[in-house]
Amino acid sequence: MEPNLPDVVLWSIPAFVLLTVIEMVSYRFHPDEDAAGYDTRDAATSVTMGLGSLGFDLLWKIPILAIYMGVYELTPLRVPVVWWTVLLMLLAQDFFYYWSHRGHHVIRILWACHVVHHSSRKFNLTTALRQPWTSATVWPFYLPLIACGVHPAALAFCQSANLVYQFWVHTERVGKLPRPFEYVLNTPSHHRVHHASQGSYLDRNYGGILIIWDRMFGSFAAETERPVYGLTKNISTHNPLRVATHEYAAIARDVRAAGSWSERAGRVFRGPGWQPAPRAGAEAVVPEAVRAGVPEPVPVRAEAPAAVPAAAPAPAPEPTR
């Protein structure tokens, strides 16, 4: 029997509107010159992307629900929906959300979906509404939950609860919380780092509700310097269609220009800033991802030596992000 669970997103819409108005008013009467604040066109684009995502999500849910129900019917396992199993399902969904979110940063074809959410140079509550229109790439990450007997409706409830929680972390009006909260939960401070474009902040803090996954899997960064939001090279458009599709178009251009099948596969499935090693005697090609300012994971590196011996070959330059 399908569990009867509330639509938490629908019930939360009045709170979304009220909190956004309060944040706007706070900037009006207590401006912060260092904060990104609000821009009318940017906020309108974010709201439009959010409304569009509702329609497209309904379209994607038809085949995804069919797959989920097929797997659910095949598995002999069943997870009852009672208060304590719902808490466990929320915990498990947040764990798989972490890996879905991380995958959408490090695989370019998945990043093409998620880059929409990072395309604003502002960081306010309307940024939370800037959602992709191609979220059909998310569903495979949650198949293990369905295979373990979690009903698709229960999974949808957990995903909605996770989404609603993340609304409030898109703000600069809340500073750091007491240490126990900052250690366990995803907070505005942690999520500001996630949306920042500085090299030390790129591809950090993927957690949805909990930040403990980032601490466990080495992707955590604390907020130290003030973040600079957006992409490393920002797109100069407020056209919702272009915001939704610009990275797919960049991938298509790079694939057409690729010189081999291995390069074509790399342009699609490697990191967003990946480029092949330059061939001997050939000028290195700057990929479309780099020109579009798409971030890639930044490993921690030791400082470079002060000088390179004359006999040593010059190291290959890293892609500009």
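These numbers were taken from a predicted model, which means no experiment stands behind them.

Before going further, it helps to spend a moment on the overall build of the protein. Scanning the protein from N- to C-terminus turns up 12 helices and zero strands. Taken from the N to the C terminus, the helices and strands of the protein come in the order α-α-α-α-α-α-α-α-α-α-α-α. Put simply, the protein has 321 residues, and 44% of those count as buried. For the protein, long-range pairs separated by at least 24 residues make up 73% of all intrachain contacts whose partners lie at least 6 apart in sequence.

With that settled, the discussion passes to the pattern of salt bridges. Taken as a whole, this structure holds seven salt bridges when the rule is applied. Ionic pairing is found between aspartate 32 and arginine 226, a salt bridge with its closest N-O pair at 4.0 Å. Of the two residues, aspartate 32 is situated in the loop between helix 1 (8–29) and helix 2 (40–74) and arginine 226 in the loop between helix 9 (212–217) and helix 10 (240–257); the sequence distance between them amounts to 194 residues. The exposure class assigned to aspartate 32 is partly exposed, which follows from its relative accessible area of 31%. Residues joined by salt bridges that share partners form a network here, namely Asp32, Glu172 and Arg226.

Further remarks concern the confidence of the model for the protein. Keep in mind that low pLDDT regions are not for reading the predicted coordinates in detail. Per-residue confidence for the protein gives a mean pLDDT of 88, with 87% of residues at or over 70. Low pLDDT (under 50) marks residues 288–321, which in the prediction has 56 contacts with non-local residues, meaning those over four places away or in another chain.

Here the focus is a nonpolar patch on the surface. A grouping of Leu10, Trp11, Ile13, Val17, Val21, Val25 and Phe29 is seen on the molecular surface, where their side chains present a nonpolar patch of about 770 Å² in accessible area. Summarising the element assignment, valine 25 is placed in helix 1. With relative accessibility at 40%, the residue valine 25 sits in the partly exposed group.

What follows is about the packing of helix 3 (residues 83–106) against helix 6 (residues 152–167). In the contact formed by helix 3 and helix 6, the axes pass within 9 Å of each other and the chain directions differ by 70 degrees. Here helix 6 runs roughly perpendicular to helix 3, going by the angle between their axes. As helix 3 runs across helix 6, the sense of the crossing is right-handed. Of the residues in helix 6, those in contact with Val86, Met89, Leu90, Gln93, Asp94 and Tyr97 of helix 3 are Ala154, Leu155, Phe157, Cys158, Gln159, Ala161, Asn162 and Gln166. A per-class count over the contact of helix 3 with helix 6 returns nine nonpolar, four polar and one charged.

Here we take up the side chain of aspartate 42. If you trace the backbone, aspartate 42 turns up in helix 2. By relative accessible area, which is 7% here, aspartate 42 ends up buried. Within the structure, aspartate 42 has its side chain in polar contact with the side chain of serine 120 (distance 2.9 Å).

Once that is clear, we can look at the packing of helix 2 against helix 10. Across the interface, helix 2 lies against helix 10 with an axial gap of 9 Å and an inter-helix angle of 70 degrees. With respect to helix 10, the element helix 2 is oriented roughly perpendicular. Each of Thr45, Thr48 and Met49 in helix 2 lies in contact with helix 10, whose residues at this interface are Pro240, Val243 and Ala244. Across the contact of helix 2 with helix 10, the residue classes tally to four nonpolar, two polar and no charged.

How each quantity is defined
Residues numbered from 1 in each chain as written. Predicted model: local features only at pLDDT ≥ 70, side-chain atom pairs only at ≥ 80, totals over all residues. Heavy atoms only, no water. Helix = DSSP H or I, 4+ residues; strand = E, 2+ residues; numbered from the N terminus. Buried < 20%, exposed > 50% of the residue type's maximum accessible area, 1.4 Å probe, protein only. Contact = heavy atoms within 4.5 Å. Salt bridge = Lys/Arg side-chain N within 4 Å of Asp/Glu carboxyl O. pLDDT = per-residue confidence, 0-100. Patch = residues over 30% accessible without salt bridge, like charges linked within 9 Å, V, L, I, M, F, W, Y side chains within 5 Å. Areas by Shrake-Rupley, 256 points an atom, 1.4 Å probe, with all protein chains shown as cover. Axes fitted to C-alpha atoms, helices over the stretch in contact; angles between N-to-C directions. Parallel < 35°, antiparallel > 145°, perpendicular 65-115°, else oblique. Left-handed = near helix turned anticlockwise from the far one by under 90°. Nonpolar A, V, L, I, M, F, W, Y, C, P; charged D, E, K, R; others polar. Polar contact = N/O pair within 3.5 Å; in protein donor to acceptor, adjacent residues only side chain to side chain.

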